[in-house]
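# Summary of the model geometry
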Amino acid sequence: MEILFSVATDSYDLAVREIREEFGGGIRIERVSGDLGRIVSGGPSVGELAAACDRGRIIFVRHLTVELASFKPSEVPEAHELAELVLEGVPKHPQAVAVQTWTDGAGSGGSFYHLLEDALGARGVAVSRAGQDLVVSVFVSAKTVIFGLNRLEYSLSDWPGGRMRLARSDERVSRSEFKLEEAIQTFGLDLPPGGKGLDLGASPGGWTRILRQHGQEMWSVDPGALDPRVTADRKVHHVATTAGEFFRHNRMHFDVVVNDMRMDQVLSARVMLDAVPHLSRGALAIVTLKGGGKNPLDAARRGIDVLSKQYDVRHARQLHHNRREITVVADCP
Ligand SMILES: C[S@@+](CC[C@H](N)C(=O)[O-])C[C@H]1O[C@@H](n2cnc3c(N)ncnc32)[C@H](O)[C@@H]1O
């Protein structure tokens, strides 16, 4: 069973290194396209790989599927045969499946969605784009069309190839907002109702805005300004200083701490250690570790090692909306 894994194009080599380090150097892996790789032989089961990704032991893989078949674009079978292919891959006739299509260039490969929607519909299987236990993946490029199938619980993301699309809107105050929303959705994070949140490196206020939507009263620390739409909210308290200075004077305890500060991974992780005395027991921490220089994997691991001194690291992943950074979710014991 060949497993297909999606990554950020720049992170392909890092993902391959992680998979080999975790499961053995003899694994045969080939590149299918910029952001897609295939484990050809000697690899783990998809469940084992998903578990390693979920625990943050593998950071740079964002989506998994198990290959059913691949075809040259001119040789893709008729729709009813494709439906057969999918149904042969499942132990028992499903009532519904998700179909997720993506390409290595422009477009979404959406025609395959409609093809499978009709053909599976004719076999009594409802098709939607997400929210089902079984996910059919269709990757389309000029050279190949690949069909995959996976259980959602082993897919890492309920979006085509892990490419989450979030609505743009005039209310958004920063592009960074997408990163936090993606982390909350992808990892299914529950924020404590009516909690107190600390946002380190908050300007211009995107993460603060999202956390307000999740019911947190926010203390937002950044020497830079917050967007007036964010400060207009009585439950947003802008503390216009650095994180270090804030900790010197603060006497409160927080249920959630987030950190999107632009600084080296290890320094940023150390700031998170400084935050610990200011957190409630069991507080949730979400932090982006940025940059990484020539060796982003080792740099990310160094940051995670520092965090692990005082947090239980739950997840670490390069999400779709991360650029040269990873997102770490951790609990303060
Ligand atoms: C990427 S921006 C944060 C964007 C924010 N999450 C949002 O959604 O609007 C990084 C911020 O970190 C802040 N920063 C860097 N070092 C800091 C420090 N030591 N203390 C507080 N803020 C810091 C910078 O001023 C900058 O505004």
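A quick note: this is a predicted structure, and the numbers were derived from the prediction, not measured. (Residues numbered from 1 in each chain as written. Predicted model: local features only at pLDDT ≥ 70, side-chain atom pairs only at ≥ 80, totals over all residues.)

## Let's talk about unusual backbone geometry
- Cis geometry is adopted by the peptide bond preceding proline 204, which originates at serine 203 and carries an omega value of 5°.
- Along the polypeptide, proline 204 turns up in the loop between strand 9 (196-200) and helix 6 (206-213). (Helix = DSSP H or I, 4+ residues; strand = E, 2+ residues; numbered from the N terminus.)

## With respect to the sheet that holds strand 2 (residues 28-33)
- Here 8 strands make up an open sheet; going across it, the order is 2-3-1-4-8-7-5-6 and the pairing mixed. Unpaired on one side and paired on the other, strand 2 and strand 6 (126-128) mark the two borders of the sheet. Between one strand axis and the next, the sheet turns through 35° on average, direction left out of account.
- Bridging between strand 1 (residues 3-6) and strand 3 (residues 36-41) involves 4 bridges; their strand directions are antiparallel. (Pairing = 2+ DSSP bridges. Axes fitted to C-alpha atoms, helices over the stretch in contact; angles between N-to-C directions.)

## Overview of the packing of helix 3 (residues 79-88) against helix 4 (residues 110-122)
- The N-to-C vectors of helix 3 and helix 4 enclose an angle of 75°; their axes lie 8 Å apart at closest approach. What the angle tells us is that helix 3 and helix 4 run roughly perpendicular. Across the interface between the two elements, Ala79, His80, Leu82, Ala83 and Val86 from helix 3 touch Leu115, Leu116, Asp118, Ala119 and Leu120 from helix 4.
- A breakdown of the residues in the contact of helix 3 with helix 4 according to their chemical character gives 8 nonpolar, 1 polar and 1 charged. (Parallel < 35°, antiparallel > 145°, perpendicular 65-115°, else oblique. Contact = placed C-beta atoms within 7 Å. Nonpolar A, V, L, I, M, F, W, Y, C, P; charged D, E, K, R; others polar.)

## What about the domain arrangement of the protein?
- Along its sequence, the protein is organised into domain 1 (3-162) and domain 2 (177-331).
- Each of domain 1 and domain 2 was reduced to a C-alpha centroid, and the two centroids are 32 Å apart.
- Element by element, the count of residues in the side of domain 1 that touches domain 2 is highest for helix 1 (residues 12-23), at 3 residues. (Domains from an automatic or database assignment.)

## Digging into the site of the ligand
- Neighbouring the ligand are 21 residues, the closest being Ser174, Ser176, Gly201, Gly206 and Asp260.
- The class makeup of the residues in the shell around the ligand is 9 nonpolar, 8 polar and 4 charged. (Near = placed C-beta within 6 Å.)

## Quick look at the sheet that holds strand 12 (residues 254-259)
- Taking strand neighbours across the sheet as the criterion, the 7 strands line up as 11-10-9-12-13-15-14 in an open arrangement whose pairing is mixed. For this open sheet the edge positions go to strand 11 (236-239) and strand 14 (312-317), each flanked by a neighbour on one side alone. The sheet shows a mean angle of 15° between the axes of neighbouring strands, direction not considered.
- Where strand 9 and strand 10 (residues 217-221) come together, 5 bridges link them in parallel fashion. Each bridged residue has a counterpart across the sheet, and for leucine 200 the counterpart in strand 10 is valine 221.

## Some points on the environment of alanine 15
- Assignment of secondary structure puts alanine 15 in helix 1.
- Along the backbone, alanine 15 and glutamine 216 are 201 residues apart, and their C-alpha atoms lie at a distance of 35 Å.
- The residues contacting alanine 15, other than those within four sequence positions of it, are Phe5, Val7, Gly37, Phe60 and Val61.

## Here we look at helix 9 (residues 265-275)
- Of the residues making up helix 9, those classed as buried are Gln265, Ser268, Ala269, Val271, Met272 and Ala275. Down the axis of helix 9, the buried set is contained in an arc of 150°. They therefore lie on one face. (Buried ≥ 20, exposed ≤ 12 C-beta atoms within 10 Å, placed from the backbone. Arc of directions from axis to C-beta.)

## Overview of the environment of glutamine 265
- Turning to its location among the elements, glutamine 265 is positioned in helix 9.
- Distance in space between the C-alpha atoms of glutamine 265 and arginine 57 is 17 Å, their sequence separation being 208 residues.
- In contact with glutamine 265, not counting residues within four places along its chain, are Leu289, Lys290, Gly291, Gly292, Ala299, Ala300, Arg302 and Gly303.

## Observations regarding the packing of helix 9 against helix 10 (residues 296-308)
- In contact at an axis separation of 8 Å, helix 9 and helix 10 are set at 15° when each is read in the N-to-C sense. Considering the angle they form, helix 9 stands roughly parallel to helix 10. In this structure, helix 9 meets helix 10 at a crossing whose hand is right-handed. Mapping the contact onto sequence places Gln265, Val266, Ser268, Ala269, Arg270, Met272 and Leu273 in helix 9 and Ala299, Ala300, Arg302, Gly303, Val306 and Leu307 in helix 10.
- Grouping the amino acids of the contact of helix 9 with helix 10 by side-chain chemistry returns 8 nonpolar, 3 polar and 2 charged. (Left-handed = near helix turned anticlockwise from the far one by under 90°.)

## A word on the pairing of strand 9
- Buried residues dominate strand 9, accounting for 5 of its 5 residues.
- Neither face of strand 9 is open: one carries Lys196, Leu198 and Leu200, the other Gly197 and Asp199, and all of them are buried.
- Note that the unit made of strand 9, helix 6 and strand 10 has a crossover that is right-handed.
- Examined bridge by bridge, strand 9 and strand 12 share 4 bridges and lie parallel to one another. Note that in strand 12 the partner of leucine 198 across the bridge is valine 257. (Right-handed = clockwise from strand over helix to strand, strands pointing away.)

## Observations concerning the nonpolar core
- Grouped together as the largest cluster of nonpolar side chains are 92 residues, with contacts concentrated most on Leu116, Val136, Val257 and Ala285.
- Looking at this core, the element that brings in the most residues is strand 13 (residues 279-290), giving 7 residues.
- Taken domain by domain, this core gets at least three of its residues from each of domain 1 (3-162) and domain 2 (177-331). (Core = buried A, V, L, I, M, F, W, Y, C linked by C-beta atoms within 7 Å.)

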